[in-house]
Amino acid sequence: MSTRPLILALLAASALFVLTPALAEPPANSEAAHIDRILAQRAQIVEIPRVALSPNGQRLAYIVEQAGKNRLEIADGRGRHAQVVKLAGDCRPEDLAWQPGTSTLAVLTRCKVDPTNTKPIQSAIELLDGGGKHPARVLATLDGFAQALSWTHDGKRLGFLFVPGATRAPYATASGNPRVGVIGIEHVQVQRVAAIGLAGGNPELLTPAGLYAYEFSWSPDGTRIAYT
């Protein structure tokens, strides 16, 4: 039997053994570098989650979200000459609503969120002068989660969705509460419709305690609400 085919087979196997590791194993840091590039690109993305045009069309307010931080900007009606608005405390803007017939902007802020989900979320509602003539004032401080600001048509009351004493955001993807006590009975957090007047103070809860409200709308005279 000729030894030539055997020698050729051994040479081919040796070449495969040498080349295969180089082809199969990418550089050890390539995956980490790829992740770093993705994170760097993600940090450059600018999102505008909320926009509100004043009743007279002269002011445009919007929230800018970038790299996990929010800021509030107010520009003219065409989006020019934008200025960043400083809010009270270390709070981030979450929602906006112009008061009908005025230049007043209601801003919902979220100030403190406990990562352990054991302490209530700290929120606040501030009233800003969109024209910059008067200082801002805090209309209400809230222990719980609030969202969806909505003024009555006469501008005398401000409604919103509110989870009193909430320790977490009411979203399916938000981290859950510690499972202690009687599950499903204790520490249940229900979203309700709330309202507050121009004098401020504690919000009035408009929907039943055991009924979860998802959205709402004011009647034209501001005396009733429709909600789901």
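Above: the structure in question.
Since the structure is predicted, the reported quantities are computational estimates derived from the model, not experimental observations. (Residues numbered from 1 in each chain as written. Predicted model: local features only at pLDDT ≥ 70, side-chain atom pairs only at ≥ 80, totals over all residues. Heavy atoms only, no water.)

A short note on the packing of aromatic side chains
Evaluated as defined, the whole model comprises three aromatic pairs. When the centroid spacing of 4.9 Å and the interplanar angle of 45 degrees are considered together, the rings of tyrosine 212 and tyrosine 214 count as tilted. Centroid distance phenylalanine 216 to tryptophan 218: 6.3 Å. Interplanar angle 80 degrees. Geometry classified as edge-to-face. For the pair shown, phenylalanine 216 and tryptophan 218 are each scored as buried. (Phe/Tyr/Trp six-rings, centres within 6.5 Å; stacked < 30°, edge-to-face > 60°. Buried < 20%, exposed > 50% of the residue type's maximum accessible area, 1.4 Å probe, protein only.)

Comments concerning the pairing of strand β3 (residues 69-76)
With six of eight residues buried, β3 is to be regarded as a mostly interior element. Judged from the eight bridges that link them, strand β2 (residues 59-66) and β3 form a sheet pairing that is antiparallel. Of the residues in β3, the one forming a bridge with glutamine 66 is lysine 69. Counting the residues between successive antiparallel strands, the hairpin from β2 to β3 contains two residues, one of them, alanine 67, with a positive phi of roughly 55 degrees. Relative to strand β4 (residues 83-85), β3 is paired through three bridges, and the arrangement is antiparallel. (Helix = DSSP H or I, 4+ residues; strand = E, 2+ residues; numbered from the N terminus. Pairing = 2+ DSSP bridges.)

A few points about the nonpolar core
Formed by 16 residues in total, the largest nonpolar core has its most connected members in Ile125, Leu142, Leu149, Leu158 and Phe160. When residues of this core are traced back to their parent elements, those giving at least two are β6 (104-112), β7 (122-129), β8 (137-151), β9 (157-164) and β10 (192-197). Tallying contributions element by element places β8 first for this core, with six residues. (Core = buried A, V, L, I, M, F, W, Y, C linked by side-chain atoms within 4.5 Å.)

A few points about the sheet that holds β7
Pairing is antiparallel in the open sheet, where seven strands are placed in the order β5-β6-β7-β8-β9-β10-β11. Both outer strands of the open sheet, β5 (92-98) and β11 (204-205), are each paired with one neighbouring strand and no more. Summarising the sheet, β10 and β11 pair through two bridges and their orientation is antiparallel. What sits directly across from alanine 194, in β11, is leucine 205.

With respect to unusual backbone geometry
In this model, alanine 67 sits at a positive phi of 55 degrees, which is unusual for a non-glycine residue. Note on alanine 67: relative accessible area 55%, which makes it exposed. Of note, the phi angle at histidine 81 is positive, near 55 degrees, even though the residue is not glycine. In this fold, histidine 81 is placed in the loop between β3 and β4. On the accessibility criterion, histidine 81 (67% relative accessible area) is exposed.

A short note on the side chain of glutamate 94
Within the secondary structure, glutamate 94 is located in strand β5. Reaching out from glutamate 94, the side chain makes a polar contact with the side chain of arginine 92 at a distance of 2.9 Å. In this structure, glutamate 94 is in contact with Arg50, Ile63, Asn70, Leu108, Thr109 and Arg110, ignoring residues within four places of it in sequence. (Polar contact = N/O pair within 3.5 Å; in protein donor to acceptor, adjacent residues only side chain to side chain. Contact = heavy atoms within 4.5 Å.)

A closer look at the sheet that holds strand β1 (residues 47-53)
As summarised here, the arrangement of the four strands in space is β1-β2-β3-β4, forming an open sheet in which the pairing is antiparallel. Each edge of the sheet is formed by a strand with only one pairing partner; in this case those strands are β1 and β4. Within the sheet, the average angular offset between the axes of one strand and its neighbour, ignoring direction, is 30 degrees. (Axes fitted to C-alpha atoms, helices over the stretch in contact; angles between N-to-C directions.)

Overview of the state of the cysteines
The bond known as a disulfide is covalent and runs between the sulfur atoms of two cysteines. Taken as a whole and judged by the stated rule, the model has one disulfide. Across the disulfide from cysteine 91 sits cysteine 111; the S-S distance is 2.2 Å. Measuring handedness by torsion sign, the sulfur bridge of cysteine 91 and cysteine 111 sits at about 100 degrees and is right-handed. Note that cysteine 91 is positioned in the loop between β4 and β5 and cysteine 111 in strand β6, a separation of 20 residues in sequence. (Disulfide = S-S within 2.5 Å.)

By themselves these figures say nothing about function.
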